[in-house]
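Geometric and topological summary
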There are 2 protein chains.
Amino acid sequence: MSTAADTRPHVVVLGAGFAGLTFAQKFPAGLARVTLVDRTNHHLFQPLLYQVATAGLAVPDIAQPVRSILARKRDVTVLMDEVAGFDLAARTVQLRQSVLSYDHLVVALGGRTSYFGHPEWERHAPGLKTIDDALRIRRNVLHAFERAEMTDDPTERQRLMTIVVIGGGPTGVELAGTFAELQRHVLARDFRRLNLRTARVILVEGSPRLLNAYPPELSDRARAQLESLGVAVWLGVQVREIRDSEVVLPNETLRAANIIWAAGVAGSPLGPQLGAETDRAGRVKVLPDLSLPGHPEVRVLGDMIALTDPMGQIVPGVSPAAMQAGAYAAQTLARELRAGAAAAPACRAPFVYFDKGTMATIGRSRAVAKIGRLQFSGFTAWLAWLFIHLVFLVGFRNKLSVLLSWTYSYLTFRRGARVIYGFPREDPPPPAG
Amino acid sequence: MSTAADTRPHVVVLGAGFAGLTFAQKFPAGLARVTLVDRTNHHLFQPLLYQVATAGLAVPDIAQPVRSILARKRDVTVLMDEVAGFDLAARTVQLRQSVLSYDHLVVALGGRTSYFGHPEWERHAPGLKTIDDALRIRRNVLHAFERAEMTDDPTERQRLMTIVVIGGGPTGVELAGTFAELQRHVLARDFRRLNLRTARVILVEGSPRLLNAYPPELSDRARAQLESLGVAVWLGVQVREIRDSEVVLPNETLRAANIIWAAGVAGSPLGPQLGAETDRAGRVKVLPDLSLPGHPEVRVLGDMIALTDPMGQIVPGVSPAAMQAGAYAAQTLARELRAGAAAAPACRAPFVYFDKGTMATIGRSRAVAKIGRLQFSGFTAWLAWLFIHLVFLVGFRNKLSVLLSWTYSYLTFRRGARVIYGFPREDPPPPAG
């Protein structure tokens, strides 16, 4: 059981998201022993998490146990634990249940939902970062329609059938479009009494356009496509306050049983504990080689960093950037370990982000995409999006039969994903032991 | 939205398990309006629920929204609500959120886990009746192994790696066999440090043999097959007390992070509220035509009844019996409605249970089965079991691609089912609205 006899350097990787997992996958065998720590036991295919929230896919479609993914990586030990703090001078990481010493540290703890100084809004407007977030949103949306079916009060019914999505970035656009389709195509069939044409999805964005990171033409296309699905797109509208079932806007107050927050992301709260400078969202300002200033043995990757690469590109908080950073860190660390102590960290080439393009889907047959200088929208963009995700998922789940089932489920809305469970009926069960 | 203009009789069906759902599916169109009430929004394929608890299948594999299943039944309205009580004289059912008047009532509320007068044991030894039960068991078992991987204390590690299943009926046998396979074949690959050969599954049964409803030879076969999988089978051992992580037996106290209760079932607690005589487990003593004594307009079906049919067979609490009762009730009620008031209820032919045989699986390639006078065990019985379940599931999920995916997942243990989620991190979210 013990690895005390192993004298190879110890690499500790914190986080099994796209950055940390890619590091563990790409890091060559034999050079070091690697310990990968995550507070969950799974890797989450985060770009499709909104599909779980909108009852289009089931949890196993987008999550895989980390231990299974890394089963053949004999150097890698996986621990399910939470990071509590760092001692960079002593080169240790404090976990909830133990302390790990490291020779090299890779910190890839991701991001979190930010409420811009209003943490009390979270209770009324959940964000979308984890499986539990997605299941909570799905449960509450489906349950609201169940209650709408039973009520005779038209005001109450309207409240139950209204979904407000706050934030017009990719997640907000994807959520709003998919909820609109769910209402019009799926729930309309499921519910006998309800008139689903009176159901509403309202997308509220504070700035004058959707998808700020995209060219303005694509923002306009996205808006037109959402509106064709029946989404009400409200631009330039600031949220003043969020209460139970209420969103207070400058000129009116919206009543909605479901309010979803897709407006803000920030770096992991552990980022600032690394001692380096951070931006306003708590993202760590790393050096061009992704190392922590003053600590070449510590690398920080993924959504928790703020970096502009030598080409002048801001490295975005998206999964391709995280995967590229993970691969880059694995490569540079492997090179240094092979070279031995002689190689000074100063010789590391800087990380350069390769922008493969960005896309956002709008419902099940529309999308907007930017690939290099090309812009796509509508069905062509959606086909490209589908193709890219399917290729990713094939690698991810690795079996043709599963791919077929997934495609089928995706195109038809997976029925089983509309099963409501997990409502707390009593006190939560104690964890094992 | 209103059905006030519909003057057809109103049939209210309580429960969307095998009995209630089969009734709704088999009841002919045009004769009545039907309202189906269930406290969940899904039908659960209960015979495979243990596969969710043992991380072999995912929730969507065994649950489907009731609204989807009945989408083409234009006469049927589905309500998600809970039954609070009955007023048989006024012919109304009190739900949590409304009151339903009926002309004919079908009560099929199923069973529940019974702790034989020790409800305080539930906290330490969950039963297996709902999706939430299954997910709770799965989460706690997987989490215990995660913690075992991290601990250096051998006593604690043994506690975390021990699963005690109480009750040697079909559910207990299936759980114990599948947990043993999970430990030895799946977790052994997933966990790098643990020696899974020291993991234990102990099946405790108070009577002298397993599977009391089966012939003694099959009980012996089941025991031998479980032992070949590494399960410790303790027969004739009474449970005195269950505490946190402890099962107190006459001669020793077992320490186990996971204790699962599969020892007792009882009828729905609403059964006794129907006013008829009940047996010790709270099951309603119905007339041979499944009606409530004195109330020919009320039928009681499924796991909540106690009945011996005219052939002298005790109608068992299994899904084939529930489905047969649902079909029988749909047929007799349809005949009466077609005949009009002239037909007296007295002319109903009694319900006769057709025993298609019973089987219990032991792991993924063993089973015991009794079909008529024939007995099978081992791989032959398991093939028969698999075939029967697959045929059921084809009807249930209706698509070849899904069947393929399911078969593949079943045979390989569905990876995604080992994803741990749903641990309460904070206060439970409020229900929508």
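Residues numbered from 1 in each chain as written. Chains lettered and ligands numbered in written order. Predicted model: local features only at pLDDT ≥ 70, side-chain atom pairs only at ≥ 80, totals over all residues. Heavy atoms only, no water.

**A closer look at unusual backbone geometry**
Residues and elements named next belong to chain B. Going by this rule: Working definition: helices are DSSP H or I runs of at least four residues, strands are E runs of at least two. Numbering for both runs from the N terminus.
Located in the positive-phi region is Ala55, a residue other than glycine, with phi close to 65 degrees. Looking at the secondary structure, you find Ala55 in the loop between α2 (49-53) and α3 (59-62). At Leu211, a position not held by glycine, the phi torsion is positive, near 45 degrees. Within the secondary structure, Leu211 is located in the loop between β12 (200-204) and α8 (216-228).

**Structural notes on the sheet that holds strand β14 (residues 241-243) of chain A**
Residue and element names in this part refer to chain A. Our working definition: Here the rule is simple: two strands pair whenever DSSP picks up at least two bridges between them. Each axis is a line fitted through C-alpha atoms, and for a helix only the stretch in contact is used; angles between axes span 0 to 180 degrees, taken between their N-to-C directions.
Strands sit in the order β14-β15-β16 across an open sheet of three strands; the sheet is antiparallel. Taken across any chain shown, the strands that pair with only one partner, and hence form the sheet edges, are β14 and β16 (253-255). In this sheet, adjacent strand axes meet at a mean angle of 15 degrees when their direction is disregarded. Bridge count between β14 and strand β15 (residues 246-248): three bridges; the pairing is antiparallel. Looking across to β15, one finds that Arg243 is bridged to Glu246.

**A closer look at the sheet that holds strand β21 (residues 295-300) of chain B**
Residue and element names in this part refer to chain B. Spatially, β5-β2-β1-β9-β21-β20 is the arrangement adopted by the six strands of the open sheet, whose pairing is mixed. Looking at strand neighbours, the two that pair on one side only are β5 (76-80) and β20 (291-292), the edges of this open sheet. Pairing of strand β1 (residues 10-14) with strand β9 (residues 104-107), which is carried by four bridges, proceeds in the parallel orientation. Among the inter-strand pairings, Val11 is bridged to a residue of β9, identified as His104.

**Describing the pattern of salt bridges**
Pairing between side chains of opposite charge can happen when their charged atoms approach one another. Residues and elements named next belong to chain A. Under the convention used in this document: When a carboxyl oxygen of Asp or Glu is within 4 Å of a side-chain nitrogen of Lys or Arg, the pair counts as a salt bridge.
Across all of its chains, the model carries 29 salt bridges over all chains by this definition. Measuring nitrogen to oxygen at the nearest pair gives 3.2 Å for the salt bridge that ties Arg8 to Asp75. Here Asp75 lies in the loop between α4 (66-69) and β5 (76-80) and Arg8 lies in the segment before β1 (10-14), a separation of 67 residues in the sequence. Within the structure, one salt-bridge network assembled from shared partners comprises Asp289, Arg299, Glu336 and Arg348.

**Description of the side chain of A:Thr361**
Residues and elements named next belong to chain A. What counts, and what does not: We define a polar contact as two N or O atoms separated by no more than 3.5 Å, with the added condition that, inside protein, one atom must be a possible hydrogen donor and the other a possible acceptor, whereas residues neighbouring each other in sequence contribute only through side-chain atom pairs. By definition in these notes, contact holds between two residues if any of their heavy atoms fall within 4.5 Å.
By secondary structure assignment, the location of Thr361 is in strand β23 (residues 358-361). Separated by 2.8 Å, the side chains of Thr361 and Tyr50 make a polar contact. Filtering out sequence-adjacent residues up to four positions away, Thr361 remains in contact with Tyr50, Val173, Glu174, Arg366, Ala367, Trp382 and Trp385.

**A look at the environment of B:Glu297**
All names here are of chain B. The condition that has to hold: Between buried and exposed lies partly exposed: a residue is buried under 20% and exposed over 50% of the maximum accessible area for its type, with that area taken using a 1.4 Å probe on protein chains only.
Along the chain, the position of Glu297 falls in strand β21. Looking at Glu297, the relative accessible area reads 7%, which means it is buried. Sequence-distant contacts of Glu297, defined by excluding residues within four places in its chain, comprise Leu88, Arg91, Tyr102, Asp103, His104 and Leu105. Engagement of the side chain of Glu297 in a polar contact is seen with the side chain of His295, the distance being 3.0 Å.

**What about the packing of aromatic side chains?**
Where we set the bar: In this scheme Phe, Tyr and Trp rings, the latter by its six-membered ring, pair at centre separations within 6.5 Å, and the angle between planes marks the pair as stacked below 30 degrees, edge-to-face above 60, and tilted otherwise.
Overall, the coordinates contain 14 aromatic pairs over all chains when judged by the stated rule. A ring pair is formed by B:Phe23 and B:Phe27, whose centres lie 5.4 Å apart and whose planes are at 15 degrees; its orientation type is stacked. The class of B:Phe23 is buried, set by a relative accessible area of 0%. On the basis of relative accessibility, which here comes to 3%, the residue B:Phe27 falls in the buried class. Every member of this aromatic cluster is reached through a ring pair, and the members are A:Tyr115, A:Phe116, A:Trp121 and A:Trp261.

**Structural notes on the packing of helix α5 (residues 131-150) of chain B against helix α7 (residues 170-190) of chain B**
Residues and elements named next belong to chain B. Stated formally: Throughout, the term roughly parallel applies to angles under 35 degrees, roughly antiparallel to angles over 145, roughly perpendicular to angles from 65 to 115, and oblique to all others. In this scheme the crossing of two helices becomes right-handed for a clockwise turn of the near helix relative to the far one and left-handed for an anticlockwise turn of less than a right angle. Gly counts as polar in this scheme, as do all residues outside two lists: the nonpolar Ala, Val, Leu, Ile, Met, Phe, Trp, Tyr, Cys and Pro, and the charged Asp, Glu, Lys and Arg.
In contact at an axis separation of 13 Å, α5 and α7 are set at 45 degrees when each is read in the N-to-C sense. Of the possible angle classes, the one that applies to α5 and α7 is oblique. Pair α5 / α7 crosses with right-handed handedness. Across the interface between the two elements, Ile137, Val141, Leu142 and Phe145 of α5 pack against Phe179, Gln183 and Leu187 of α7. Residue composition of the contact of α5 with α7, grouped by class: six nonpolar, one polar and no charged.

**Quick look at the pairing of strand β7 (residues 92-95) of chain A**
All names here are of chain A. One ladder, built from four bridges, connects strand β6 (residues 83-87) with β7; its direction is antiparallel. Looking at β7, one finds that Phe86 is bridged to Val93. Adjacent in sequence and paired antiparallel, β6 and β7 are bridged by four residues, among which Arg91 carries a positive phi angle near 55 degrees. Bridge count for β7 against strand β8 (residues 99-101) is three bridges, and the pairing is antiparallel. Paired with Gln94 across the two strands is Val99, which belongs to β8. Linking β7 to β8, which pair antiparallel, is a turn of three residues.

**Concerning α7(B)**
All names here are of chain B. Convention followed: Here the expected span of a helix is defined as 1.5 Å times the quantity of residues minus one. Consider a residue and the seven residues that end there alongside the seven that start there; fitting an axis to each set, the bend is the angle between those axes.
Look at α7: 28 Å from first C-alpha to last across 21 residues, which is about the 30 Å you get at 1.5 Å a residue. The largest bend in α7 is about 35 degrees, located at Gln183. Extensive coverage of α7 is indicated by the burial of 15 of its 21 residues.

**Some details on the environment of B:Thr113**
Residue and element names in this part refer to chain B. Along the polypeptide, Thr113 turns up in strand β10 (residues 111-113). As a C-alpha pair, Thr113 and Ala266 span 153 residues in sequence and 6.2 Å in three-dimensional space. When neighbours within four sequence positions are excluded, Thr113 is seen to be in contact with Gly127, Leu128, Lys129, Trp261 and Gly264.

**Looking at the confidence of the model for chain A**
Residues and elements named next belong to chain A. How we decide: As a per-residue measure, pLDDT tells how confident the predictor is, with possible values from 0 to 100.
Residues with a pLDDT of 70 or more make up 88% of chain A, whose mean pLDDT is 88. This stretch, residues 424-433, has a pLDDT under 50; its non-local contacts, to residues over four places away or in other chains, come to 19 contacts. At the level of chain-chain contacts, confidence expressed as ipTM amounts to 0.75, with global pTM at 0.83.

**Brief notes about helix α8 (residues 216-228) of chain A**
Residue and element names in this part refer to chain A. Cut-off, in case you're wondering: By definition, the arc is the one covered by directions from the helix axis to the C-beta atoms.
Compared with an ideal rise of 1.5 Å per residue, which puts 13 residues at 18 Å, α8 spans 19 Å between its outermost C-alpha atoms and is within 8% of the ideal. Listed as buried for α8 are Leu218, Ser219, Ala222, Gln225 and Leu226. Considered in projection along α8, the buried side chains sweep an arc of 130 degrees and stay on one side of the axis. Tucked inside the fold, the buried residues of α8 contact α7 (170-190), β12 (200-205), β13 (232-235), β24 (367-371) and β25 (374-377). Where α8 terminates, the next one or two residues include Gly230, which has phi positive at roughly 100 degrees.

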